[in-house]
Amino acid sequence: MTSRAESAAATRNALLDAASGLLDEGGPDAVTLRAVGARSGVSRGAPYGHFVDKEDLLAALAIRGWVHMTLDLELVQSCKGIGSRERLYRAVLAFLTVARERPYLYALMFITPSRDPRAIITAASRAQDVFLAIVADVVGQGDARSRGALLMSSAHGIAGMERSGQLSEKSGARQAINFSSNSSLFWVGESVNNQ
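So, a few notes on the structure that sits alongside this text. Going along each chain's sequence as written, the residues are numbered from 1 onward. Thresholds applied to this predicted model are a pLDDT of at least 70 for local features of residues and 80 or more for the giving and counting of side-chain atom pairs; totals over whole chains, interfaces and linings are not thresholded and use all residues. Only hydrogens and water are removed before side-chain values are computed, so all heavy atoms of the structure are retained for them.

### Section: helix 7 (residues 118-139)
Operational definition: Only DSSP runs of H or I covering at least 4 residues are called helices, and only runs of E covering at least 2 are called strands; the numbering of each starts at the N terminus. The span one expects for a helix is its residue count, reduced by one, times 1.5 Å. Remark: exposure states derive from per-residue accessible area (1.4 Å probe, protein chains only) relative to the maximum for the residue type, with buried under 20%, exposed over 50%, and partly exposed in between.
Helix length check: helix 7, at 22 residues, gives a terminal C-alpha distance of 30 Å against a target of 32 Å (1.5 Å per residue), a fit within 8%. Of the positions making up helix 7, those classed as buried are Ile120, Ala123, Ala124, Ala127, Val130, Phe131, Leu132, Ile134, Val135, Ala136, Val138 and Val139.

Rendered as structure tokens:
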């Protein structure tokens, strides 16, 4: 028999799944509590039992995005049989993959909500900690924060340029992305070799 807590958790997950689909299809404007309720097949009032308002729902989606990013980074971190630089490349690529495949979610993950941002900051910090551990395996603990910031800035810039159309398949975006990523990794690797 399903407990109330399990039923509530299942409903909340169904609502988040529905909201995620709406977000992917039409951005934040497409996500309304009414539309989420209709898509998930629950009563009209059900979304209001789980989320205060749309902003609360969008914050929950951003948190979920960071949780999934952390899991992806932990998977990269645990890869056996590849070197630390390849793990780092894959970690940067994990961010770019979300930006490319789920651009609205990616943008949402980097917006601080106007209300209490602690839950999002906590979720993002977990992903950052795993990412910095991967960076530290290449450059050492002392340089991990600064080099990690460089790599994340590069990835975020590439994602923004792709979203704005300044980099596209037709303009050789893949080559630019690979060049930028490889250049960043080369610079990171060179700093290790020169120590």
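### Describing the packing of helix 1 (residues 4-26) against helix 2 (residues 33-40)
Each pair of packed helices can be described by the angle between their axes along with the distance between the axes. Spelled out, the test is: Angles here are taken between N-to-C directions and fall from 0 to 180 degrees, while the axes themselves are lines fitted to C-alpha atoms, restricted in helices to the stretch in contact. In this scheme, roughly parallel covers angles under 35 degrees and roughly antiparallel covers those over 145, while 65 to 115 is roughly perpendicular and the rest are oblique. In this scheme, a crossing is called left-handed if the near helix is turned counterclockwise away from the far one by less than a right angle; it is called right-handed if the turn is clockwise. Contact between two residues is taken to exist if any of their heavy atoms lie within 4.5 Å; hydrogens are not considered.
Look at helix 1 against helix 2: their axes get within 8 Å of each other, and the N-to-C directions meet at 115 degrees. By the angle class used here, helix 1 and helix 2 are roughly perpendicular. Seen from above, helix 1 lies across helix 2 with right-handed handedness. From helix 1, Ala14, Leu15, Ala18, Ala19, Gly21, Leu22 and Glu25 reach across to helix 2, where they touch Ala35, Val36, Gly37, Arg39 and Ser40.

### Comments concerning the environment of leucine 71
Here leucine 71 lies in helix 4 (residues 54-77). We classify leucine 71 as partly exposed; its relative accessible area is 49%. Between the alpha carbons of leucine 71 and alanine 127 there is a distance of 8.1 Å; along the sequence they are 56 residues apart.

### Describing the pattern of salt bridges
Definition in use: Salt bridges are identified by distance alone: a Lys or Arg side-chain nitrogen within 4 Å of an Asp or Glu carboxyl oxygen.
Under the criterion given, the structure shown has seven salt bridges. Two residues, arginine 64 and aspartate 17, come together in a salt bridge whose shortest N-O distance is 2.7 Å. In this pair, arginine 64 sits in helix 4 while aspartate 17 sits in helix 1, placing the two residues 47 residues apart along the sequence. Relative accessible area serves as the criterion here: at 47%, aspartate 17 is assigned to the partly exposed category. Among the ionic pairs, glutamate 86 bridges to arginine 90, the shortest N-O distance being 2.9 Å. On the criterion of helical spacing, the pair formed by glutamate 86 and arginine 90 is a turn pair, its members being four residues apart in helix 5 (residues 84-101). For glutamate 86, a relative accessible area of 33% corresponds to the partly exposed category.

### With respect to the environment of serine 84
Turning to its location among the elements, serine 84 is positioned in helix 5. Linking serine 84 and aspartate 137, residues 53 residues apart in sequence, is a C-alpha distance of 6.0 Å. Setting aside residues up to four positions removed in sequence, serine 84 forms contacts with Asp137 and Val138.

### Section: helix 5
Between its first and last C-alpha atoms helix 5 spans 25 Å; for 18 residues at 1.5 Å apiece the expected length is 26 Å, and the two agree. Those residues of helix 5 that sit buried are Arg87, Leu88, Tyr89, Ala91, Val92, Ala94, Phe95, Leu96, Val98 and Ala99.

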